[in-house]
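So you can see what is in the structure, the chains are spelled out below.
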Amino acid sequence: MLRACLVLLVVVLAGCGARPSTTGPVDLPAKPADFVDVFTWSQGVPAGAQPISWSFKGPHFGYQFGALAVRPDMDETSGGLEGGPARAAAGHEFLVLYRLQSDDTYAPPPETPLTVEVVVGGARKRLPEPLDRGTALIVSVPLGGDATLEVTDDRPYQLSVRNGLGAGGPASSDAAPRAGTGQVRWGDGKYTGQGAYQGVRTSGPLGVTLDLGTRSELADSLPGVGAAATKQVWLRLPDAKISTDDTDLKVDLARSVSLSLPGGPKISPRPSGSGLLFSVPEPFAGGTLTIAPEFPATSTAKWSQKPEPKQIPLTVA
């Protein structure tokens with residue numbers, strides 16, 4: 001009996017002194033790569049954010065942004081996201097633009113609500129709710145990339161979410177080109193292609209549609225972009241868009257288009273909040289766009305049969 005009690009005491013004492021098992025940090029859930037949201041933020045400039053004073057106005061709207069943050073994740077100290085703290089998708093980060101409660105910008109309410117959208121690359125999404133005082137805009141962008149906040153009033157007005165360029169100014173269609181640069185023109189700017197893809201769990205046919213639009217800009221400086229490099233000018237096709245016939249599959253506008261110069265190398269588009277943006281030599285004498293649809297670099301889908309490419313000559317008038 002005494003022997004049994006001693007054994008029991010040893011077991012109990014060993015259990016009391018045992019170290020609890022430890023686990024690693026809990027991994028935050030990731031938001032989608034195209035995540036856009038508006039959340040309430042009634043406090044001041046959050047820790048880790050940059051105080052700013054950006055005014056963004058049109059005839060019937062006005063915003064005064066007071067803080068900007070670039071973050072790999074979000075928590076309770078930087079914004080209350082639905083579903084709790086979260087991290088950005090792989091290869092992405094969050095841009096967060098805060099409209100503080102102290103913003104007293106006044107704008108008369110329009111008879112018809114204005115269209116407010118966020119543009120990242122070739123993708124365009126409407127804000128899920130108004131960007132009122134005491135709220136913040138959060139948008140997922142590729143690392144180092146940018147997004148454009150666009151409000152359509154008497155015309156589109158654009159603001160770079162990362163650097164504030166274009167604040168209060170008209171959309172890029174009103175950019176003043178340098179004298180002598182001319183207008184870039186093309187014939188049929190629409191593309192349709194049919195291919196087949198292979199994904200992790202699904203596969204099948206996939207149709208791709210691209211439309212260059214009708215506008216072009218050729219200038220040494222553009223709103224939301226800034227000045228071009230020495231001996232270079234910007235060429236932007238602001239209305240270019242690409243889509244597929246499957247809402248669950250996306251193709252990348254910038255990866256799907258390249259520009260070949262006469263006797264020169266191929267040029268890939270630069271990161272842009274909307275449309276296609278190229279840095280081209282000055283003077284620009286034209287070239288050829290090649291459309292060859294590609295999935296985003298982070299996509300798990302691959303072409304098992306690529307759509308036929310199409311070439312579109314560009315001329316300068």
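A brief report on the enclosed structure follows.

What counts and what doesn't
Residues numbered from 1 in each chain as written. Predicted model: local features only at pLDDT ≥ 70, side-chain atom pairs only at ≥ 80, totals over all residues. Heavy atoms only, no water. Helix = DSSP H or I, 4+ residues; strand = E, 2+ residues; numbered from the N terminus. Buried < 20%, exposed > 50% of the residue type's maximum accessible area, 1.4 Å probe, protein only. Contact = heavy atoms within 4.5 Å. Areas by Shrake-Rupley, 256 points an atom, 1.4 Å probe, with all protein chains shown as cover. Pairing = 2+ DSSP bridges. Axes fitted to C-alpha atoms, helices over the stretch in contact; angles between N-to-C directions. Phe/Tyr/Trp six-rings, centres within 6.5 Å; stacked < 30°, edge-to-face > 60°.

## Let's talk about the overall build of the chain
Argument step 1. Summing up its helical and strand segments, the chain has 2 helices and 25 strands in all.
Argument step 2. Expressed as a percentage of the 317 residues in the chain, the buried residues total 44%.
Argument step 3. The long-range share in the chain, meaning contacts at least 24 apart out of those at least 6 apart in sequence, stands at 66%.
Argument step 4. Total accessible area on the chain stands at roughly 16,900 Å², and carbon and sulfur atoms take up 54% of it.

## Some words on the sheet that holds strand E10 (residues 148-152)
Argument step 1. Read from one edge to the other, the open sheet built from 4 strands follows the order E8-E7-E10-E11, with strand pairing classed as antiparallel. Where the open sheet ends on each side, the last strands, each with one partner, are strand E8 (123-126) and strand E11 (156-160). Each strand axis lies, on average, 25 degrees off the axis of its neighbour in the sheet, ignoring direction.
Argument step 2. Of the strand pairs in this sheet, strand E7 (residues 115-120) and E8 are connected by 4 bridges, and their pairing is antiparallel.

## Observations concerning unusual backbone geometry
The phi angle of most residues is negative, glycine excepted, and most peptide bonds adopt the trans form.
Argument step 1. For the bond from Glu-282 to Pro-283, the omega torsion is 0 degrees, close enough to zero to count as cis.
Argument step 2. Along the polypeptide, Pro-283 turns up in the loop between strand E22 (276-281) and strand E23 (287-291).
Argument step 3. You will see that Lys-231, though not glycine, has its phi angle at about 65 degrees, which is positive.
Argument step 4. Structurally, the position occupied by Lys-231 is in the loop between strand E17 (226-227) and strand E18 (232-237).

## With respect to the pairing of strand E2 (residues 50-58)
Argument step 1. By the bridge criterion, 7 bridges tie E2 to strand E3 (residues 61-71) in an arrangement that is antiparallel. Its bridge partner lying in E3, Trp-54 is registered against Phe-65.
Argument step 2. Counting the residues that bridge the hairpin from E2 to E3 gives 2 residues.

## Looking at the packing of aromatic side chains
Think of a pair of aromatic rings as described by two things: how far the centres are apart, and how the planes are tilted against each other in angle.
Argument step 1. Taken as a whole, this structure holds 6 aromatic pairs when the rule is applied.
Argument step 2. Taken together, the ring pairs connect Phe-39, Trp-41 and Tyr-98 into an aromatic cluster.

## Some remarks on the pairing of E10
Argument step 1. Burial analysis of E10 places 4 of its 5 residues in the buried class, which makes it a mostly covered element.
Argument step 2. Where E7 meets E10, 5 bridges bridge the pair, whose relative direction is antiparallel. Looking at E10, one finds that Thr-115 is bridged to Thr-152.
Argument step 3. Taking the residues that link successive antiparallel strands as the turn, the E10-E11 hairpin has 3 residues.

## Re the environment of Gly-199
Argument step 1. Summarising the element assignment, Gly-199 is placed in the loop between strand E13 (190-198) and strand E14 (203-211).
Argument step 2. Residue class for Gly-199 comes out buried when judged on its relative accessible area of 15%.
Argument step 3. As for Gly-199 and Lys-302, which are separated by 103 residues in sequence, their C-alpha atoms are 6.4 Å apart.
Argument step 4. Among residues more than four places away in sequence, those in contact with Gly-199 are Thr-300 and Ala-301.

## A short note on the sheet that holds E3
Note on sheets: strands pair through backbone hydrogen bonds, and any given pair is parallel or antiparallel.
Argument step 1. The strand order E1-E9-E6-E3-E2 describes an open sheet built from 5 strands, whose pairing is antiparallel. Sheet topology places strand E1 (36-40) and E2 at the edges, where each strand pairs with a single neighbour. Neighbour-to-neighbour, the strand axes of this sheet turn through a mean angle of 30 degrees, independent of strand direction.
Argument step 2. Note that E3 and strand E6 (residues 92-99) share 5 bridges and pair antiparallel. Its bridge partner lying in E6, Arg-71 is registered against Phe-94.

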